[in-house]
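# Understanding the architecture of this molecule
Read off the chains here:
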Amino acid sequence: MKTYKQSLGANIFDVFNLILLLAIAFICLYPMIYVIMASLSSPSLLMQHSGLLLKPLGLHFDAYKSVLANPDITTGYANTLFYVVIGTILSDALTMMAAYVVSRKKFPLRNFFNIILILTMFINGGLIPSYLNIQNLGLLNTRLSQILPVAVSAYNVIILRTYMTSIPVSLEESARMDGASHLRVLFCIIFPLCLPVFAVITLYYAVGTWNSWFNAMIYLTDRSKYPLQLFLREILILNETDSLINSNAASGIEQVQISETIKYATIVISTVPILCIYPFLQKYFVKGVMIGAVKE
Amino acid sequence: MSKKQIKILANPSHSLSTRIIRALKQNYELYLIFLPVLVYYIVFYYVPMTGIVLAFKNYAPAKGIWGSAWVGLKHFENFFSSPNFTRTLVNTLRISIASIVVGFPAPIIFALLLNELRLRRTKKIIQTVSYMPHFISLVVAVGLVMDFVQRDGIINDIIAFFGGERIAFMTEPNWFTPIYVLSGVWQEIGWSSIIYLAAIAGVSADLYEAAAIDGAGRFRQLLHVTLPGIMPTIVILFIMRVGNIMSIGYEKIILMYNDLVLDKADIIASYVYRIAFGAAPDYGYSTAVGLFNTVINIFLLVATNYITGKVNDTTLW
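If you look chain B up in an unreviewed UniProt entry, it shows as Sugar ABC transporter permease from Ructibacterium gallinarum. Per UniProt, chain B has the following entry under Sequence similarities (unreviewed entry): "Belongs to the binding-protein-dependent transport system permease family."

Under the annotation held in an unreviewed UniProt entry, chain A carries the name Carbohydrate ABC transporter permease and is attributed to Ructibacterium gallinarum. Taken verbatim from the UniProt record of chain A, the Subcellular location (unreviewed entry) comment is "Cell membrane". Taken from UniProt, the Sequence similarities (unreviewed entry) comment for chain A reads in full: "Belongs to the binding-protein-dependent transport system permease family."

### Examining the overall build of chain B
For chain B, the helix and strand inventory stands at 17 helices and two strands. Taking 2.2 N^0.38 as the reference for a compact globule, 317 residues should give roughly 20 Å; the C-alpha atoms of chain B span a radius of gyration of 27 Å, well beyond that estimate. Dimensions along the principal axes, computed over C-alpha positions, put chain B at roughly 85 × 65 × 35 Å. Counting the 317 residues in chain B, one finds 34% classified as buried. Expressed as a percentage of contacts within chain B between residues at least 6 apart in sequence, the contacts between residues at least 24 apart total 67%.

### Observations concerning the overall build of chain A
Of regular secondary structure, chain A possesses 12 helices and zero strands. Seen in sequence order, chain A has helices and strands lined up from the N terminus as α-α-α-α-α-α-α-α-α-α-α-α. For 296 residues, the compact-globule estimate of 2.2 N^0.38 gives 19 Å, and chain A exceeds it by more than 25% at 25 Å. Over its C-alpha atoms, taken along the principal directions, chain A stretches across nearly 75 × 70 × 35 Å.

### Re the environment of Leu182(B)
All names here are of chain B. Along the polypeptide, leucine 182 turns up in helix α11 (residues 176-201). Taking the C-beta count within 10 Å as the criterion, leucine 182 has 17 such neighbours and is therefore assigned partly exposed. Taking C-alpha positions, leucine 182 is 8.2 Å from serine 99, a pair spaced 83 residues apart along the chain.

### Side note on the interface of chain B and chain A
Listed as interface residues are 64 residues of chain B and, on the opposing side, 66 residues of chain A. Within the residue set of the side of chain B that touches chain A, elements represented by two or more residues are α3 (28-50), α7 (105-116), α8 (120-135), α9 (138-149), α11, α14 (250-256), α16 (268-277) and α17 (283-314) of chain B. Counting residues per element, the side of chain B that touches chain A draws most heavily on α3(B), which supplies 13 residues. Residues that form the side of chain B that touches chain A fall into these classes: 46 nonpolar, 11 polar and seven charged.

### Things to note about the domain arrangement of chain A
Residues and elements named next belong to chain A. Each assigned domain of chain A is listed with its residue range as follows: domain 1 (1-60) and domain 2 (61-296). Using only C-alpha atoms to locate each centre, domain 1 and domain 2 end up separated by 32 Å. Taken together, the contact between domain 1 and domain 2 spans 11 residues of the former and 12 residues of the latter. Secondary-structure elements contributing two or more residues to the side of domain 1 that touches domain 2 are α1 (8-40) and α2 (43-48). With five residues, the single largest contributor to the side of domain 1 that touches domain 2 is α1. Across the side of domain 1 that touches domain 2, the residue classes tally to seven nonpolar, four polar and no charged.

### Observations regarding the UniProt feature "transmembrane region" (unreviewed entry) in chain A
All names here are of chain A. This chain's UniProt record puts "transmembrane region" (unreviewed entry) on residues 12-37, 80-100, 112-132, 144-164, 185-207 and 262-281. Taken end to end, residues 12-37 is 100% helix and 0% strand, and its two terminal C-alpha atoms sit 35 Å from one another. For residues 144-164, the end-to-end C-alpha separation is 30 Å, with 52% helix and 0% strand making up the annotated structure.

### Quick notes on the nonpolar core
Within the largest apolar cluster, 136 residues are counted, with the highest numbers of intra-cluster contacts made by Ala98(A), Val101(A), Leu160(A), Val197(A), Val272(B) and Val289(B). It is α11(B) that contributes the most residues to this core, 12 residues altogether. If sequence neighbours within four positions are ignored, Ala98(A) has contacts with Leu117(A), Val152(A), Val157(A), Phe34(B) and Val37(B).

### Re the UniProt feature "domain: ABC transmembrane type-1" (unreviewed entry) in chain B
When the UniProt feature table is mapped onto this chain numbering, "domain: ABC transmembrane type-1" (unreviewed entry) sits at residues 89-304 of chain B. Summarising residues 89-304 of chain B: 77% helix, 0% strand, and an end-to-end C-alpha distance of 20 Å.

### Observations concerning α7(B)
Look at α7(B): 17 Å from first C-alpha to last across 12 residues, which is about the 16 Å you get at 1.5 Å a residue. Taken residue by residue, α7(B) has Ala106(B), Pro107(B), Ile108(B), Phe110(B), Ala111(B) and Leu114(B) as its buried positions. Residues of α7(B) that are buried sit in contact with α1 of chain A together with α6 (83-103), α8, α11 and α13 (218-243) of chain B.

### Concerning the domain arrangement of chain B
Residue and element names in this part refer to chain B. Domain boundaries in chain B define domain 1 (14-70) and domain 2 (74-314). On the domain 2 side, the residues contacting the six residues of domain 1 number six residues. Of the residues contributing to the side of domain 1 that touches domain 2, the split by class is four nonpolar, one polar and one charged.

### Observations regarding the environment of Ser130(A)
You can see Ser130(A) is positioned in helix α6 (residues 127-136). Separated by 96 residues in sequence, Ser130(A) and Tyr34(A) place their C-alpha atoms 40 Å apart. In contact with Ser130(A), other than residues within four places in its own chain, are Gly125(A) and Pro48(B).

### Things to note about the confidence of the model for chain B
Put simply, chain B has an average pLDDT of 88, and 94% of its residues get 70 or more. For this predicted complex, the interface confidence comes out at an ipTM of 0.89, alongside a pTM of 0.88.

### Brief notes about the packing of α9(B) against α11(B)
Residues and elements named next belong to chain B. Remark: α9 packs on α11, axes separated minimally by 11 Å, with the N-to-C direction vectors making an angle of 120°. Taken together, the axes of α9 and α11 lie oblique to each other. In the crossing of α9 with α11, the sense of the turn from one axis to the other is right-handed. In this structure, α9 contributes Ala141, Val145 and Val149 to the contact, and α11 contributes Ile179, Ser183 and Gln187. Residues of the contact of α9 with α11, tallied by class, amount to four nonpolar, two polar and no charged.

### So, the UniProt feature "transmembrane region" (unreviewed entry) in chain B
All names here are of chain B. Under the local residue numbering, the UniProt record ascribes the feature "transmembrane region" (unreviewed entry) to residues 28-47, 93-113, 125-146, 189-210, 222-240 and 283-307. Counted over residues 93-113, helix gives 95% and strand 0%. Its end C-alpha atoms are 30 Å apart. From the first C-alpha to the last, residues 283-307 spans 36 Å; its make-up is 100% helix and 0% strand.

### Overview of unusual backbone geometry
In this structure, Asn141(A) is a non-glycine residue whose phi angle is positive, near 60°. The class for Asn141(A) is partly exposed, based on 13 C-beta atoms found within 10 Å.

About the cut-offs
- Every chain's residues receive numbers from 1 upward, in the order its sequence appears when written.
- Just so you know, chain letters begin at A and ligand numbers begin at 1, following the order they were written in.
- It should be noted that, the model being predicted, local features are given only for residues of pLDDT at least 70 and side-chain atom pairs only at 80 or more, the latter also being counted only at that level, while totals for whole chains, interfaces and linings use all residues.
- UniProt positions are given in the numbering used here, feature names are shortened, and annotations may be inferred rather than shown by experiment.
- For the purposes of this entry, the term helix denotes a DSSP run of H or I that reaches at least four residues, the term strand denotes a run of E that reaches at least two, and both are numbered from the N terminus.
- Computation of the radius of gyration draws on C-alpha atoms, with the globule rule given as 2.2 Å multiplied by the number of residues to the power 0.38.
- Residue burial here comes from a neighbour count, namely the number of other C-beta atoms, placed from the backbone, that lie within 10 Å of the residue's own C-beta, with 20 or more meaning buried, 12 or fewer meaning exposed, and in between meaning partly exposed.
- Contacts are defined on C-beta atoms placed from the backbone: any two residues whose C-beta positions lie within 7 Å are in contact.
- Gly counts as polar in this scheme, as do all residues outside two lists: the nonpolar Ala, Val, Leu, Ile, Met, Phe, Trp, Tyr, Cys and Pro, and the charged Asp, Glu, Lys and Arg.
- For the domain bounds, the source is a domain assignment made automatically or taken from a database.
- In these notes, a nonpolar core means any group of buried Ala, Val, Leu, Ile, Met, Phe, Trp, Tyr and Cys residues linked to one another through C-beta atoms within 7 Å.
- Multiply 1.5 Å by the residue count of a helix minus one, and that product is the helix's expected span.
- Per-residue confidence from the predictor is reported as pLDDT, which spans 0 to 100.
- Under this scheme, a helix contributes an axis fitted over its contacting stretch, all axes are lines through C-alpha atoms, and angles between N-to-C directions fall in the 0 to 180 degree range.
- Should an angle fall under 35 degrees it is called roughly parallel, over 145 degrees roughly antiparallel, and 65 to 115 degrees roughly perpendicular, with every other angle called oblique.
- Helix crossings get a hand from a simple test, with the near helix turned counterclockwise from the far one by less than a right angle marking a left-handed crossing and a clockwise turn marking a right-handed one.

Below, the structure is given as structure tokens:
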């Protein structure tokens, strides 16, 4: 783009605009910087500190040692990974099958199936009927209760359907003429063409499961099945850090101090994986937002 | 008369059943592929919908949903006559409207300002950084907010630096809505701006050129080219947002509130949750209150869908 001579007013605006946007970016970024720096700080120095924290006060890895040695956190981590991996594979498969069928233009029940999907976005039984349903199915306090109720999201089916509808029909028609089955068309023709959007919905499902806690809170009673977020809730919201602190770590004041850095170390361990991944997948996310927005 | 009907009339030997069988045979593969999804939706969505009848029953665990006694509209009458009705309704509307008033324009302004930034690399970096809070889980986000607004947290440090009194934000009922809304803006401002940035990118460069030739400066271009260019997007998203006025993220409310701020924080959905899983669970009553909320939601969605349809016809979208 050519640059034109600008008025003084425009130059002043540019400077202020840049400062304002950098400030917004800083506000978005600072909480994570703070958490990372605090988790590495010396517990006693952190207590006395006030104001911005942009570098660690001292360099201590004790908090990480306590967190990683804590059975709750490792159990939660393993459970979350299990729910994310198995749940996402199942979700992907079901979403792809649903989207394929409702995107077939010549399929007579297409609209009926579409309505079945879309209705669920507006109407649901509500908290108690859903809970009793899980209870009746015998899924209470099972790992499946974390995977099945959220297995298919109609929203993601619609995103994938929209994309599949935009694929030229001629591609699959020639394959169908040659005698390929629908399943073959789906896997060998449609699936490879949908990969970018498929990446989007995979990420939506994975991030959704990684961050979810509510279903775990109402459906699970057994701590050995808790996902990471539920343990995080105990530590961050309910302030129950006792189980994390090494009991032979001396006095009460020290324990309070250590519990703070342990909190931050837990946040880092649970959040940094996703924060490291998303910048590289950004363009896919953006694509998903766009397709989702023009769904009709 | 359509072609299909003519064909059927011309060939009366095709009875309904043979036609159905033929149609099934022709597409049996598609039915098979959809079957697991259909079963899934019936089991996990449509069966629970029948549980809505609980709203009109007194649930007795031993008798199950269908065996429990009918009580008619008793639960609804109880809800409408209880102080919780006005309280939760007012809270729902207050929090939701505040979220719209502050949270809706924020990403639009952010997108417009970002668009004015000429440094492309800086723009890209700011964009990426602004998405970050969206990926932080609700539990961690609320945990961070609580940490930052606590007595010796950074927000109070700043207030104290300017000579103000430290505020106990989390236990002060009147601060609940601002904290809820502003933390929501923090978490979603970047993510929500994606769609506006895309709309801005879609505005034709010719229009800017024409405006520039006519002597419009950058501010006038923003006002008379960019803004009208993204107006259809803004209008539709606004209508959809208003349609969702009664459905607030109750998970965040449940994480954020405590007994001290309940008066200003308890929304209908969090109330439903508390009666269902509180000390004295009442499944029937909880379902009834939840149903009340759902019915209003559906009404609003249908109304806004209708309005969006009208707007879609009259605008360039």
